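Structural overview
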Amino acid sequence: MMGLSVLTAGIAAVFMGITYWICWCIYALWFHPLANYPGPKAAAISEIWFVWAWTTGRYPYILEEAHQKYGDVIRISPNELSFATVQAHRDIYSTPSRTRLPFLKDGIFYNNGDVTNIFYERDPVEHSKMRKVLAPGFSGGNIKKHEGMIHQYVDMFVRKVTELSVKRCGKGIDANEAIPWLAFDIMGELTFGESFDAVARGETHMWISILNDSAYAAILPSFVRRAPSIVLAIPFMLSLSSLRNLRKHYAYTVDTVRRRLSRPPSASADRDLFAPVLEQGSGIGNDEKHLVALAQAMIIAGADTATNVMTTALYFLCATPGCMEKAAAEVRALRYDQLNGDELSKLKYLNAVIEEAMRLFPPIAFGLPRVSPGEMVDGHFIPKGVRLSVSHWVLNRSPQIWDRPCEFIPERWLKNEGSLEKSSEAAHFPFSSGPRTCLGMAQAYLEMRITLAKLIHACDMRVTQDPGDWIGAAKMHMMWKRAPWMVHFERRSEDDENLLEKY
Ligand code: HEM
């Protein structure tokens, strides 16, 4: 009797579950406020489509295909829209005005528990306090002070890659692996006041090699916040070694932050970004756990992004000899010791190459999610609480905005020289815009210009293995993971003296 009633209750529960699910699907597809927006049906009824797309590592490409199929405004989860227009970017991310409410960061994605920081903080007042504290570290004056350190690392890098290329007897070195040595060493100096010594050693530091795993693990809680039942799938999404790496990563960051805290303030005051936080940071979280989270986020935000742009730029320059010739002619018209921030900011072609690399392969290739306050976006009224975003990947590859969007054409950025693009640079937002615009933009440009210019000046580069469809094969789980790309860096003799002088 007892058994029968348990069975009946079970059947009733399953029946109710199925009924609920059917009712929900009917509501989501025909009566939900977003019901009229096109998109994959699976995305309209559950979060599974979105999570699936991310876990494949192909989210940018899948989203691009979905936009091609369904249009500029598509539904990518039951309560979420993706836009692919410049006006939508302006409407969502620009500074709010007296007549327009702000689109705040979304709490599903930007959520680090009780350890908030400038990246995660959603409250505009708290965020603004944090930004004020950090901003002096990114000021023009402070960036100038970092320039000498950047030159030291770049010179060391040029020496290292050319030496390693000789040792490898023309087989080349994996530029995908080498460029992060430089970017992470620089960000280590800026953030912790100490480098990872990856360039000096010519090998990837443990912290960098497990970063991809760590970043992927960090995104998983946001999937669970989307749909709590996804917690059941987490063991299949995350290997034990990834978990161990996450712990190792955290432990190393803690140790490094402790070393930084134990140093007297004057030792690194002009060099690292922690200095202002430690001096004035009370109220924005300058206890150890906040500093660890900030350091981790800052290094990833600063190093992984710049790595991507520099690697992409070099990849396309090597793949397009005509472009490499133009870049080399411009850079080599200066002496090696003239390749400083001020001079490089004036080099039109070099800067066009950087813009084009950021356009074609944006380091942050997913839409940064915001929540609608109940406002118009590109002519659509978006109800309060709807999540929405514009993906730079999709926007930058839109044929409605760019001529020949999938081709590397730095010339499109050269005004008065046959500019090719239809809608001008007003369509380009690599550093986002508005109140959450990148704080490290000037720092990033400085580092990217110096690195690219010095490499191009000092080396002839030769790709030693066919990289295949290098762009198409890249995977993104928060950060990009790309296939090896083997390059031989041949030192041009006239630069030897200048380079060696530095040491
Ligand atoms: C090519 C290089 C870079 C690109 C493309 C880039 C892009 C971005 C983007 C799109 C955002 C907005 C993120 C969001 O809304 O969630 C951002 C924020 C930020 N970036 Fe960068 N970034 C780069 C380099 C750097 C560097 C070198 C640093 C530090 C030295 C840095 C520090 C920051 C900070 C602190 C924020 C948070 C700003 C805020 O919310 O107020 N970035 N970056």
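Note that the structure is predicted; figures quoted are calculated from it, not measured.

Helix and strand content of the chain: 21 helices and twelve strands. Relative to the compact-globule value of 23 Å for 503 residues, the chain shows a C-alpha radius of gyration of 24 Å, a close match. Expressed along its principal axes, the backbone C-alpha trace of the chain runs to roughly 90 × 55 × 50 Å. Looking at the 503 residues of the chain, the share that counts as buried comes to 54%. Within the chain, contacts between residues at least 6 apart in sequence are counted, and of these 73% link residues at least 24 apart. Of the roughly 22000 Å² that the chain leaves accessible, carbon and sulfur atoms contribute 59%. Counting 55 positive and 54 negative side-chain charges, the chain places the centres of these two groups 4 Å from one another.

Another point: unusual backbone geometry. Residue Ser432 is not a glycine yet carries a positive backbone phi of 65°. Locating Ser432 in the fold gives a position in the loop between helix H19 (392-396) and helix H20 (441-458). Take Ser432: its relative accessible area is 13%, and that puts it in the buried class. Of note in this structure, Met478 is not a glycine but carries a positive phi near 75°. Summarising the element assignment, Met478 is placed in the loop between strand S10 (475-477) and strand S11 (479-481).

Here the protein supplies the iron atom of the ligand with just one donor, Cys438 (SG), and that contact is 2.3 Å long. In this fold, Cys438 is placed in the loop between H19 and H20.

This part covers the site of the ligand. Residues in contact with the ligand amount to 29 residues; listed here are only the nearest, Tyr110, His127, Arg131, Arg370 and Cys438. In the model, an oxygen atom of the ligand is placed 3.1 Å from a nitrogen or oxygen of the Lys105 side chain. Taking Tyr110, its side chain carries an N or O atom lying 2.6 Å from an oxygen atom of the ligand. In terms of residue count, helix H15 (residues 288-319) provides more of the shell around the ligand than any other element does, six residues in total. Broken down by class, the residue content of the shell around the ligand amounts to 18 nonpolar, seven polar and four charged.

To continue, consider the environment of Asp213. Residue position: Asp213 is located in helix H11 (residues 211-226). The class for Asp213 is partly exposed, based on a relative accessible area of 25%. Remark: the alpha-carbon pair of Asp213 and Ser242, spanning 29 residues in sequence, is separated by 5.5 Å.

Next up on the list: helix H4 (residues 59-70). A rise of 1.5 Å per residue sets the reference length of H4, with its twelve residues, at 16 Å; its end C-alpha atoms lie 16 Å apart and thus fit the reference within 8%. Of the residues making up H4, those classed as buried are Tyr59, Pro60, Tyr61, Ile62, Leu63, Glu64, Ala66 and His67. Residues of H4 that are buried make contact with helix H3 (48-55), strand S1 (73-77), strand S2 (80-83), H19, S10 and S11.

Let's shift gears to the sheet that holds strand S8 (residues 387-390). The mixed open sheet is built from five strands, whose spatial order is S1-S2-S8-S5-S3. Pairing within the sheet leaves two strands with one partner each, and these edge strands are S1 and strand S3 (104-105). Bridging between S3 and strand S5 (residues 370-371) involves two bridges; their strand directions are antiparallel. Within S5, the residue paired with Leu104 across the bridge is Val371. Most of the contacts of H4 go to S1, to which it runs at about 135°, and overall it touches S1 and S2.

Strand order across the open sheet formed by three strands is S4-S12-S9, with antiparallel pairing between neighbours. Looking at the sheet topology across the chains shown, the edges are occupied by strand S4 (173-174) and strand S9 (459-463). As judged from the two bridges shared by S4 and strand S12 (residues 486-491), these two strands associate in the antiparallel manner. The partner of Asp174 across the bridge, within S12, is Met486. Across the sheet, helix H7 (residues 140-167) is in contact with S4, S9 and S12; its angle to S12 comes to roughly 105°. This element, H20, spans S9 and S12 of the sheet and lies at about 90° to S9.

Here the focus is the nonpolar core. Core analysis: the biggest nonpolar cluster contains 150 residues, and Tyr59, Leu81, Phe83, Phe157, Met448, Leu455 and Met461 have the highest contact counts within it. Here the element with the most residues in this core is H15; it accounts for 16 residues. For Phe157, the contacting residues outside a window of four places in its chain are Ala178, Ile179, Trp181, Leu182, Val199 and Leu455.

Our focus in this paragraph is the environment of Tyr61. Topologically, Tyr61 is positioned in helix H4. Through-space distance from the C-alpha of Tyr61 to that of Pro435 is 28 Å; in sequence the pair is 374 residues apart. Excluding its chain neighbours within four sequence positions, the residues that come into contact with Tyr61 are Trp393, Ile471, Gly472, Ala474 and Trp480. Of the polar contacts made by the side chain of Tyr61, one reaches the backbone oxygen of Ala474; its length is 3.5 Å.

Between helix H18 (residues 348-360) and H20, whose axes approach to 10 Å, the crossing angle comes to 115°. Viewed along their axes, H18 and H20 adopt a mutual orientation that is roughly perpendicular. Judged by the twist between their axes, the crossing of H18 over H20 is right-handed. Residues Leu350, Asn351, Ile354, Glu355 and Met358 of H18 form the contact with H20, whose participating residues are Tyr445, Met448, Arg449, Leu452 and Ala453. Considering only residue class, the contact of H18 with H20 consists of seven nonpolar, one polar and two charged.

Rules used in this analysis
- Residues numbered from 1 in each chain as written.
- Predicted model: local features only at pLDDT ≥ 70, side-chain atom pairs only at ≥ 80, totals over all residues.
- Heavy atoms only, no water.
- Helix = DSSP H or I, 4+ residues; strand = E, 2+ residues; numbered from the N terminus.
- Rg over C-alpha atoms; globule rule 2.2 N^0.38 Å.
- Buried < 20%, exposed > 50% of the residue type's maximum accessible area, 1.4 Å probe, protein only.
- Contact = heavy atoms within 4.5 Å.
- Areas by Shrake-Rupley, 256 points an atom, 1.4 Å probe, with all protein chains shown as cover.
- Lys, Arg positive; Asp, Glu negative; His and termini not counted.
- Charge placed at Lys NZ, Arg CZ, Asp CG, Glu CD.
- Donors = N, O, S within 2.8 Å, 3.2 Å for Na, K, Ca; no water.
- Near = heavy atom within 4 Å.
- Polar contact = N/O pair within 3.5 Å; in protein donor to acceptor, adjacent residues only side chain to side chain.
- Nonpolar A, V, L, I, M, F, W, Y, C, P; charged D, E, K, R; others polar.
- Expected span 1.5 Å × (residues − 1).
- Pairing = 2+ DSSP bridges.
- Axes fitted to C-alpha atoms, helices over the stretch in contact; angles between N-to-C directions.
- Core = buried A, V, L, I, M, F, W, Y, C linked by side-chain atoms within 4.5 Å.
- Parallel < 35°, antiparallel > 145°, perpendicular 65-115°, else oblique.
- Left-handed = near helix turned anticlockwise from the far one by under 90°.

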